[in-house]
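Listed here are the chains, written in short residue letters.
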Amino acid sequence: MISTLTRRGFVAAGAAFPFALRNAHAQAPADVLRYGLSAYPPNLQPWVSTGASAGTVKIMTNRSLLSWGPKGELRPELAESWSLDGEGAWVFRLRDDAYFHNGEKVTADDVKWTIEQVASDRSTAYMRTQFQAIARVEIPDPRTVRIVTKQPLAVLPTWWPNYNMHVVWRGSKPNAPIGCGPYRITAQERGTAIEVQAFDRYYKPGQPRLKTIRFIAYPDENLRFAALQAGDVDIIEYLPWQSMDSAEADPRLKVLSADGPFMDILFNGERGPFTDARVRRAVAHAIRREEIVKAAFFGRGSVLEGVPIAPGTPWFDEELSRGWRYDPARAKALLAEAGVPNGFSTVMLSSAQFGMHKDTAEIVQQHLAEIGIQCELRLPDWSTRVSLGSRGQYEIAIHGVAADSNDPDGLAVIMDTSLSPTYSRSFGLKAPRTTDALNRGRGEFDQAKRVEIYKEMQRAALEEVPLVGLAWRSQAFGMDSRVQGFAVMPGALSLNSAGLLPEVSFG
Amino acid sequence: MLWFLRRIAVSLLLAWLVATIVFMTLHIVPGDPAELLMSTGGVAPDPAAVEELRERLGLNQPLMTQYGAFLMGLLRGDLGVSLIDEYPVLDEIALRLPRTLELIGVASLLAIVVALPAGTYAAVHRDGAFDRAASAVTALLLAIPVFVVGTLLILLLAQMLRVMPAGGYVPFAQNPIQHLTLLALPALAIAKGLAAVLFRMTRASVLDVLHRDHVRTARSKGLAPGHVMTLHVVRNALLPVLTVLGLHMGTLLGGTVLVEYVFNWPGMSTPLLRAVEARDYPMVVGIVLTISGLFLMINLIMDLLYGVLDPRIRTA
């Protein structure tokens, strides 16, 4: 057949050229998953908290005794079973077929060494405080770890799946921790991308399902979504709220989300007008939360009118969950009771670096003005915000955070006012009844009693107001519709969902 | 020669001043690198763990001790390591600087190739259709912020037509075509503003020179119009254009932040921004020092180029 070059043919070929180009960049081998991170991990130290993006990569290269399943349930990992013995100690039975990336077998000694590192006085681990509650670790045999705690500890198993808690080979050098995860890092460019490849001695049969995951950092949220739409990546975390509509409308994409992290108000409990719990309660009753959901999160979230206990969990109580509902008359009455019927002026700390922090602050500012509290906004960069917060250089502040887990004890890090000061808890504030209930709940093994204790904790917190809940925000992942096996975990665990990546494949 | 040595001495003094000012300012501004690192994502770190990290990073030492150590390192040509992951600052700069330079270089080249002929043509045919149209277009190009252009380009080419990747980077050695494809959009986004400025400068400058006496003399001597244009008009008109180009290229060294961010181009601006946010002191100081060093060098080169273009400067 002889082909003749016609003008029309030439134009058609020219028009088709860009699409030929597109194939070149958008097609990736079927066993490679390209994951759009919202930030490049600052570092990958297994126990140091360096954010959810770092957690995502760490949970690929490391494993812990237990993990979270798709529905937020505890699943066996290095431990194939766990139970409480007659003396109140936790006993973990290790599996026999887990290996570190250097070929060494995972043993009880490694688990013991890991606990000792995390709990040591020189530790920089996120779970340091928790693990310091462990009195001693016993190794009855190489596959059994017996953990004796200083006080009874019902919640100890929930500490293990945290993405800042991994079992590391006991011979590791400080700067080269050796893990036993389903993937190992094979390539890395600081600030840009990390590539991991399947570890051939991973203990779960058939996993990881994809040979390679390429993590690419897209700090700009709009570009992250653009990269997903353009087919440059297969899945992205932190799908921006403003893009959820178009992602849902795009037949090539799907969106999975859960309400998990939340926005709240923190107070200075040492000086200023908010030392009086009645003033704090007045603030709690002055906010129309649906406006925050609408304006700061494009309607992608839900109101939070009580203590941040996730709906659908056993600890959730419909009535208590509305304990701080909008009631301006009550707010005014509380102010009058506190001796400031006409309100006062104060400075509200937030940060302009993140839109949701700034938007939330502006709405709260307006609503507080309606009951007479005039707030001047102070919106420095995030670093300054953190510093001012930790030093208590504020009277009222806007914050956003997620609990450690869906167990109410996961809220301790946010609501336990006996812990040392940090920017993400109210400064110098005392909520003794709330703290007491949290302590009792942690040590109670009977589920029915725990539910009762945490309802008590909610009642106490509604009065003592260690924080004011504002809004749950939706945590969404956007992905190519061919991606199978991924799920968003419920509530506070939504940020842990990437732990399911070894189970992901292309349908 | 003496002039040259003196200039170098002044440059070094300036570099030390910059380093000191940046170092001191960073330490005075609120924000603790250890606490920030452990608070990534809004979580509450254990203050005892933060204290331990501060100790390890040497942040607990007196400021002057830290400054002294920094200066000693500088003398050895060592910019230190990142506080965040202990990555050597020099390695980071060596990796990223070429990419920013490539971006600026290609953008400048694009701008020059378009703006110089267009500006000259517009000046020669003053008030003609091209002149008016081009002036309107440059006004528009200058008025639209770079991030708007960037976002629009991505929306159209990557999201709607899906003919280009939505930003990113591939090394040239790995895939030249994809490298250039990815380079095209950010380079265009930077070139558009630069081209507009250069066009205006060239046009004004050529107009000015066209009416000078020596041009009239050259013409009346009967020199070929092309000869007059290239040797007597454009060459003389280039001086102010070069000044503007030099200044802009210097500014771009630290000013490609938005473009690099919008297109995910892993140049030097992004780590600088991230380092400032994280209060990663050694990284910030290292990158700012590099940028100011390059700025000083560009100024030096521009001075030398003036000499080539205008012999009067050489003899002065």
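Residue numbers restart at each chain and count upward from 1, following the sequence in its written direction. Lettering of chains starts at A and numbering of ligands starts at 1, both following the order in which they are written. Under the rules for a predicted model, residues below a pLDDT of 70 receive no local features and side-chain atom pairs below 80 are neither given nor counted, while totals for whole chains, interfaces and linings still include all residues. Hydrogen atoms and water are omitted, and side-chain values are computed over all heavy atoms in the structure.

*Asks:* Run through the overall build of chain A, naming residues and quoting values.
*Replies:* Only runs of H or I of at least four residues qualify as helices and only runs of E of at least two qualify as strands under DSSP, and these elements are numbered from the N terminus. Across its full length, chain A carries 15 helices and 19 strands. Over its C-alpha atoms, taken along the principal directions, chain A stretches across nearly 95 × 70 × 35 Å. For each residue, the accessible area found with a 1.4 Å probe, counting protein chains only, is set against the maximum for its type, and the residue is called buried under 20%, exposed over 50%, and partly exposed in between. Burial analysis of chain A (507 residues in total) assigns 60% to the buried set. Should any heavy atoms of two residues lie within 4.5 Å, those residues are considered in contact. Sequence-distant contacts in chain A: of pairs separated by 6 or more residues, those separated by 24 or more amount to 70%. Positive charges are assigned to Lys and Arg, negative charges to Asp and Glu, while His and the chain termini are left out of the count. Lys charges are placed at NZ, Arg charges at CZ, Asp charges at CG and Glu charges at CD. Averaging the positions of the 57 positive and the 57 negative side-chain charges in chain A gives two centres separated by 3 Å.

*Asks:* Residues and numbers for the packing of aromatic side chains, please.
*Replies:* Here a ring pair, both rings aromatic, is described through the centre-centre distance and the interplanar angle of the planes. Aromatic pairing here means that ring centres of Phe, Tyr or Trp (its six-membered ring) are within 6.5 Å. Orientation follows from the plane angle: under 30 degrees is stacked, over 60 is edge-to-face, and everything else is tilted. Counted according to the given criterion, the structure contains 20 aromatic pairs over all chains. Ring geometry for A:Phe131 against A:Trp160: centres 5.2 Å apart, planes inclined by 85 degrees, an arrangement best described as edge-to-face. In this pair, A:Phe131 is assigned in helix α4 (residues 128-131) and A:Trp160 in the loop between α5 (156-159) and β8 (183-189), connecting sequence segments 29 residues apart. Judged by relative accessible area, A:Phe131 falls into the buried class, the value being 1%. Given the relative accessible area of 0%, A:Trp160 is considered buried. Note on B:Tyr67 and B:Phe70: the rings are 6.3 Å apart at their centroids and 40 degrees apart in plane angle, and the pair reads as tilted. Placement of the pair is B:Tyr67 and B:Phe70 together in helix α4 (residues 63-75), with a separation of three residues, close to one helical turn. Here the two residues B:Tyr67 and B:Phe70 agree in accessibility, since each one is buried. A network of ring pairs unites the aromatic residues A:Phe92, A:Phe131, A:Trp159 and A:Trp160 as a single cluster. Its guanidinium or amino end placed over the ring of A:Tyr99, A:Arg201 lies 3.9 Å from that ring's centre, counting from NZ or CZ. In our convention, an over-ring charge means Lys NZ or Arg CZ found within 6 Å of a ring centre and within 35 degrees of that ring's normal.

*Asks:* Tell me about the interface of chain B and chain A, residues and numbers included.
*Replies:* Accessible area lost during the coming together of the parts is what is often quoted as the interface size. Facing the 54 residues of chain B at the interface are 56 residues of chain A. Both sides together, the interface formed by chain B and chain A hides about 4,400 Å², and carbon and sulfur atoms give 51% of it. Buried area: the accessible surface (1.4 Å probe) lost by two parts on joining, summed over both. Of all residues in chain B, B:Ala44, B:Gln159 and B:Arg162 give up the largest surface area on contact with chain A, accounting jointly for 15% of the area buried on that side. Salt bridge criterion: a side-chain nitrogen from Lys or Arg within 4 Å of a carboxyl oxygen from Asp or Glu. Summed over the shared surface of chain B and chain A, the result is six salt bridges. The shortest N-O distance in the salt bridge between A:Arg190 and B:Asp85 comes to 2.9 Å. Residues adjacent in sequence count toward polar contacts only when both atoms are side-chain atoms; beyond that, a polar contact is any pair of N or O atoms within 3.5 Å, and within protein one must be able to donate a hydrogen and the other to accept it. For the interface between chain B and chain A, the tally reads 24 residue pairs in polar contact (both at pLDDT 80 or more). Looking at the side of chain B that touches chain A, the elements with two or more residues in it are α2 (33-38), α3 (47-57), α5 (89-124), α7 (146-160), α8 (176-210), α11 (257-263) and α12 (269-278) of chain B.

*Asks:* Which residues make up the pairing of strand β17 (residues 468-480) of chain A, and what values go with them?
*Replies:* All names here are of chain A. When you tally the buried positions in β17, you get 13 out of 13 residues, the bulk of the element. Examined bridge by bridge, strand β11 (residues 235-236) and β17 share two bridges and lie antiparallel to one another. Looking across to β17, one finds that isoleucine 235 is bridged to methionine 479. Two strands pair under a simple rule: DSSP has to find at least two bridges between them. Both strand β13 (residues 301-303) and β17 contribute to a ladder of three bridges, which runs antiparallel. Bridging from a neighbouring strand, glycine 301 pairs with arginine 473 of β17.

*Asks:* Could you give an account of the domain arrangement of chain B, naming the residues involved and the relevant values?
*Replies:* Residues and elements named next belong to chain B. Segmenting chain B into domains produces domain 1 (2-76) and domain 2 (98-315). Residue ranges for the domains trace back to a domain assignment, done automatically or taken from a database. The distance between the C-alpha centroids of domain 1 and domain 2 comes to 33 Å. Summed over both partners, the interface of domain 1 with domain 2 buries about 1,500 Å², with 78% contributed by carbon and sulfur atoms. The largest per-residue losses of area from domain 1 upon contact with domain 2 belong to Arg7, Leu26 and Pro33, which jointly make up 32% of the total buried on that side. Taken together, the links from domain 1 to domain 2 amount to zero salt bridges.

*Asks:* Can you explain helix α10 (residues 328-337) of chain A? Please cite residues and give values.
*Replies:* All names here are of chain A. Every buried residue of α10 is listed here: Ala331, Leu334 and Leu335. Projected down its long axis, α10 carries its buried residues within an arc of 100 degrees, all on one side. Those residues of α10 that are exposed and aimed more than 90 degrees away from the buried face are Ala329 and Glu337. The inward-facing, buried residues of α10 contact α8 (277-285), β14 (344-349) and β15 (373-378). Two residues or fewer past α10, glycine 339 is found with a positive phi of approximately 90 degrees. In this context, the arc is that of the directions from the helix axis out to the C-beta atoms.

*Asks:* I'd love a proper account of the packing of α7(B) against α8(B), names of residues and values included.
*Replies:* Residues and elements named next belong to chain B. Between N-to-C directions, angles span 0 to 180 degrees; the directions come from axes that are lines fitted to C-alpha atoms, helices contributing only their stretch in contact. At a minimum axis distance of 9 Å, the contact between α7 and α8 shows a crossing angle of 145 degrees. Pair α7 / α8 crosses with right-handed handedness. Contacts between α7 and α8 pair Val146, Val149, Leu153 and Leu157 from the former with Leu185, Ala189 and Lys192 from the latter. Considering only residue class, the contact of α7 with α8 consists of six nonpolar, no polar and one charged. Helix crossings are classified by the rotation of the near helix relative to the far one: an anticlockwise turn of less than a right angle makes the crossing left-handed, while a clockwise turn makes it right-handed. When residue character is reported, Ala, Val, Leu, Ile, Met, Phe, Trp, Tyr, Cys and Pro are called nonpolar, Asp, Glu, Lys and Arg charged, and the others, Gly included, polar.

*Asks:* Got a sec to walk through α5(B)? Specific residues and values, please.
*Replies:* Given 3.6 residues per turn, any residue in an α-helix points the same way as the ones three and four places further on. Each residue after the first adds 1.5 Å to the expected span of a helix. For α5(B), spanning 36 residues, the distance from its first C-alpha to its last is 50 Å, which sits close to the expected 52 Å at 1.5 Å a residue. Within α5(B), the axis deviates most sharply at B:Arg96, by approximately 30 degrees, and proline B:Pro98 lies no more than four positions further along. Bend at a given residue is defined as the angle between two axes, one fitted to the seven residues that end at that position and one fitted to the seven that begin there.

*Asks:* Help me get a handle on the packing of α12(B) against helix α13 (residues 281-309) of chain B, residues and values and all.
*Replies:* The description of two helices packed together rests on the angle between their axes and the distance between the axes. All names here are of chain B. It is at 8 Å that the axes of α12 and α13 come closest, and there the two elements cross at 140 degrees. Taken as axis vectors, α12 and α13 run oblique relative to one another. For α12 against α13, the interelement crossing comes out left-handed. Side by side, α12 and α13 meet where Pro271, Leu272, Ala275 and Val276 of the first sit next to Met283, Val284, Ile287, Val288 and Ile291 of the second. In these notes the angle categories are as follows: under 35 degrees is roughly parallel, over 145 is roughly antiparallel, 65 to 115 is roughly perpendicular, and the rest is oblique.

*Asks:* Let's hear about a nonpolar patch on the surface: which residues, and what values?
*Replies:* Residue and element names in this part refer to chain B. For patches, a residue must show more than 30% relative accessible area and have no salt bridge; joins then use 9 Å for like charges and 5 Å for nonpolar side chains, namely Val, Leu, Ile, Met, Phe, Trp and Tyr. Here, Shrake-Rupley sampling with a 1.4 Å probe gives the accessible areas, and only protein chains in the shown set may cover a residue. On the surface, Phe147, Val148, Leu152, Leu155, Leu156, Met160, Leu161 and Leu258 cluster together into a nonpolar patch covering about 710 Å² of accessible area. The biggest single contributor to the nonpolar patch is α7, with six residues. By the element assignment, valine 148 lies in helix α7.

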